Amino acid sequence: MLDTNFSIVDYLVFVSLLIASSLIGVYFWYKSRNTATNAEYLTGNRQLSLIPVIISMVATFMSTNTLLGMPVEVYQVGTQMWLEAVSYIIAIVLTAEGGIKAVIWTDVLQGSLMFLGVLVVIVTGVIETGGLKKLWDINEQGGRLKFFNMKVDVYNHDNFWNVLIGTTVTLSGSYSISQSQIQRYCNVGSPQMGRRALYWNLPGIIVFLLMSIMCGMVIYAKYHACDPVTLGLIKRHDQLMPYYVMDTLSQYPGLPGLFVACVFSGSLSTLSSGYNSLAAITWEDLFKDRVKLKNDRQALIITKLIAMSYGFIIIGFAFLVGNAGTVFQASLALSGAMGGPIFALFLVGIFYPYATAPGALIGFLSGYGVNSVLAIGSLVIPRPKVSLPTTLDNCPVDVIQIVFTRFETLPNSTYIPSYDNVEGLGQFFHISYLLLSTIGFTICIVVSVLASLCIELS
């Protein structure tokens, strides 16, 4: 029977992470308390070494969205998302042209814990399954092993084209224009070191991606014949990973605590980077030239207050994304909806010499407007729940007894194996979340070029 209680060791592991993360920030604050400047807070005076910056870049991208969401994608629709590793390579190759120090060194700690937590899940899962061959066979028999599904289909996200095109546009934008990434390039001493950090970040991010896919295969091997979502033991597929950890690792004191620390590490690394980056861009673009201050220390205080304010705002937004699919789907849909048009806006400015400010603005608003309508429409008119089949054929007796006590019968799955019969408004609103970035990207470029051309001719 599932044990949902933490042991004392689990609590100690989890609390230790929170304390260690806080102490890193306190250390850098104390070290620079008399000499701190806004430039040091935002860019580390461009003196950070290469290794922590590389680890920080990996930790920022490989967040809780990947840690919890990628295994769910594998469990539901298979391993086709492995192709995101190719998109990382393309994006990085295209891209190579107490403040941030605390953020980066905290990322080093949290990134290390993320790798360790995922590794523990994989190793224990492979052992429990009976070896790598048995793991592979179970996933193959269940239709989860997908590597080159070449079907052209804009409504499902388990095919080659949607994954490659959608994630390439999203990741290229993230690495090329994302403030959190650009800020890390600026933390090292030169453009050459920035490019080096970018390339050396690639192995780490691909390894973590493949490890997350492996976690999904382990979870499917465990529950393919006794699906806890169908049984109602958990409400959402996003809960599969924590459920698996408590179900499997609770016999080892400390390991569930390590996993929860790993999940929090993913969240903290992304959030700390995001707050610092938002504070940087807000200060530089909106306040720096409009607010007269007596000294740089006042600028530092304002920047910290901006970062804290964004923290409260984002906590509020967290309550609004509950209906946006799984964690992984929601994160890619939201980032793609805005990221695609912004990336296109930069490319128009760089490569189209006849671009005008009004024309580019019209293009951006067009791309973002269409993406916003698609995103909101998918929330108002939810798409059917898609997941490849699982069974209840091999459930333990104690689990069956729990389910009968709750429901008086064995429930049936409400998921469909593939979204093929798209009707009505779903033909417009239910386009795969992977393609949002590409749609906005394309519309922004086309409309910007045409609008700028019309303005010049008039």
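As recorded by an unreviewed UniProt entry, the protein chain carries the name Sodium-coupled monocarboxylate transporter 1 and is attributed to Oppiella nova. Here is the UniProt Sequence similarities (unreviewed entry) comment for the protein chain, exactly as written: "Belongs to the sodium:solute symporter (SSF) (TC 2.A.21) family." For the record of the protein chain, the UniProt heading Subcellular location (unreviewed entry) holds the text "Cell membrane".

Q: What am I meant to see in the packing of helix α7 (residues 132–141) against helix α10 (residues 191–223) here?
A: Any two packed helices are characterised by how steeply their axes cross, that is the angle between the axes, and by the distance between the axes. The contact between α7 and α10 brings their axes to 9 Å, and the two run at 80 degrees. Classed by the angle they form, the pair α7 and α10 counts as roughly perpendicular. Across the interface between the two elements, Leu-132, Leu-135, Trp-136, Ile-138 and Asn-139 from α7 touch Met-214, Met-217, Val-218, Tyr-220 and Ala-221 from α10. When grouped by side-chain class, the residues that make up the contact of α7 with α10 number nine nonpolar, one polar and no charged.

Q: It is not clear to me how the pattern of salt bridges should be interpreted in this structure. Could you clarify?
A: When charged atoms on two side chains of opposite charge get close, those side chains can pair. Counted by the stated rule, this structure contains three salt bridges. Measuring nitrogen to oxygen at the nearest pair gives 3.0 Å for the salt bridge that ties Asp-137 to Lys-133. Taken together, the positions of Asp-137 and Lys-133, both in helix α7 and four residues apart, correspond to about one turn of that helix. Residue class for Asp-137 comes out partly exposed when judged on its relative accessible area of 22%. Between Asp-158 and Lys-146 there is a salt bridge whose closest N-O contact spans 2.5 Å. Of this pair, Asp-158 sits in the loop between α7 and α8 (160–177) while Lys-146 sits in the loop between α7 and α8, and the two are twelve residues apart along the sequence. Taken as a pair, Asp-158 and Lys-146 share a single burial class, namely buried.

Q: Would you explain the side chain of Ser-452 in this entry?
A: As for its position among the elements, Ser-452 is in helix α19 (residues 436–457). Residue contacts for Ser-452: discarding those within four places in its chain leaves Tyr-352, Tyr-354, Ala-355, Thr-356, Gly-359 and Ala-360.

Q: What is the right way to look at the nonpolar core in this model?
A: Nonpolar side chains in soluble globular proteins tend to be buried together. Core analysis: the largest hydrophobic core is formed by 56 residues, its most contacted members being Val-121, Ile-219, Tyr-223 and Leu-240. Counting residues per element, the ones that place at least two in this core are α1 (8–31), α4 (64–77), α6 (100–129), α7, α8, α10, α12 (240–249) and α13 (255–287). Top contributing element to this core by residue count: α10, with 15 residues. Residues from two domains meet in this core; each of domain 1 (8–325) and domain 2 (326–383 + 419–457) gives at least three. Every residue in contact with Ile-219, bar those within four places of it in the chain, is listed here: Pro-71, Tyr-75, Leu-240, Met-241 and Tyr-244.

Q: Where do I start with the packing of aromatic side chains in this structure?
A: What characterises a pair of aromatic rings is the spacing of the ring centres plus the angle enclosed by the ring planes. Scanning the model with the defined rule gives nine aromatic pairs in all. Ring geometry for Phe-115 versus Phe-208: centroids 5.2 Å apart, planes at 75 degrees, classification edge-to-face. Residue Phe-115 is located in helix α6, and its partner Phe-208 is located in helix α10; the two are separated by 93 residues in the primary sequence. Exposure remark for Phe-208: the relative accessible area of 0% places this residue in the buried category. Seen in terms of ring centroids, Tyr-223 and Tyr-243 are 5.5 Å apart; in terms of plane orientation they differ by 55 degrees. Their pairing is tilted. Placement of the pair is Tyr-223 in helix α10 and Tyr-243 in helix α12, with a sequence separation of 20 residues. Through successive ring pairs, a cluster of aromatic residues spans Phe-148, Phe-160 and Trp-161.

Conventions used here
- Residues numbered from 1 in each chain as written.
- Predicted model: local features only at pLDDT ≥ 70, side-chain atom pairs only at ≥ 80, totals over all residues.
- Heavy atoms only, no water.
- UniProt positions renumbered as here; feature names shortened; annotations may be inferred.
- Axes fitted to C-alpha atoms, helices over the stretch in contact; angles between N-to-C directions.
- Helix = DSSP H or I, 4+ residues; strand = E, 2+ residues; numbered from the N terminus.
- Parallel < 35°, antiparallel > 145°, perpendicular 65-115°, else oblique.
- Contact = heavy atoms within 4.5 Å.
- Nonpolar A, V, L, I, M, F, W, Y, C, P; charged D, E, K, R; others polar.
- Salt bridge = Lys/Arg side-chain N within 4 Å of Asp/Glu carboxyl O.
- Buried < 20%, exposed > 50% of the residue type's maximum accessible area, 1.4 Å probe, protein only.
- Core = buried A, V, L, I, M, F, W, Y, C linked by side-chain atoms within 4.5 Å.
- Domains from an automatic or database assignment.
- Phe/Tyr/Trp six-rings, centres within 6.5 Å; stacked < 30°, edge-to-face > 60°.

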